[in-house]
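Structural features, examined
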Amino acid sequence: TGRRRRCGWLDLALVKYSALVNGFSSLNITKLDVLTGLKTIRIAIAYRNKQMTEVRLPIGYFPSHLEDLKEVVCEYETLEGWSE
């Protein structure tokens, strides 16, 4: 359509939590072509608190309240992008 697309980075910590809560065992990711041409792609692998007093929050942790969610930041792994 020619419209600009907005896409966020994949949050694996959130996907893992969602699988735990919802019980799904597979995931279908579509529209990966929109990432073509990006030099780097970031994937969130864990959360840490904003004060950085802990290296990482416990594996599988996801804040249960919006106020708590405001107090965490994602830890990203950066991967190389691709071109056609």
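It should be noted that the structure appears before, not after, this text.
The text that follows walks through the structure, step by step, so that each part is easy to find. Predicted model, so just to flag it, every value in this text is computed and none were measured.

Counting across every chain of the model gives zero aromatic pairs. Note that Arg42 overlies the ring of Tyr76, its terminal NZ or CZ placed 3.9 Å from the centroid.

A cluster of nonpolar side chains, namely Leu10, Leu12, Phe24, Leu27, Ile29, Leu32 and Trp82, defines an oily patch on the protein surface of about 600 Å² accessible area. With respect to the helices and strands, the residue Leu27 is situated in the loop between α1 (12-22) and β2 (40-49).

In this section: the pairing of β2. In the sheet, strand β1 (residues 10-11) pairs with β2 via two bridges, with the strands oriented parallel. Along β2, the bridge assignment pairs Leu10 with Ile43.

Within the secondary structure, Ile41 is located in strand β2. A sequence separation of 32 residues divides Ile41 from Trp9, and the C-alpha atoms of the two residues are 7.4 Å apart. If near-sequence neighbours (up to four positions away) are discounted, Ile41 is found in contact with Trp9, Leu35, Glu77, Thr78, Leu79, Gly81 and Trp82.

The rules behind these values
Residues numbered from 1 in each chain as written. Predicted model: local features only at pLDDT ≥ 70, side-chain atom pairs only at ≥ 80, totals over all residues. Heavy atoms only, no water. Phe/Tyr/Trp six-rings, centres within 6.5 Å; stacked < 30°, edge-to-face > 60°. Lys NZ or Arg CZ within 6 Å of the ring centre and 35° of its normal. Patch = residues over 30% accessible without salt bridge, like charges linked within 9 Å, V, L, I, M, F, W, Y side chains within 5 Å. Areas by Shrake-Rupley, 256 points an atom, 1.4 Å probe, with all protein chains shown as cover. Salt bridge = Lys/Arg side-chain N within 4 Å of Asp/Glu carboxyl O. Helix = DSSP H or I, 4+ residues; strand = E, 2+ residues; numbered from the N terminus. Pairing = 2+ DSSP bridges. Contact = heavy atoms within 4.5 Å.

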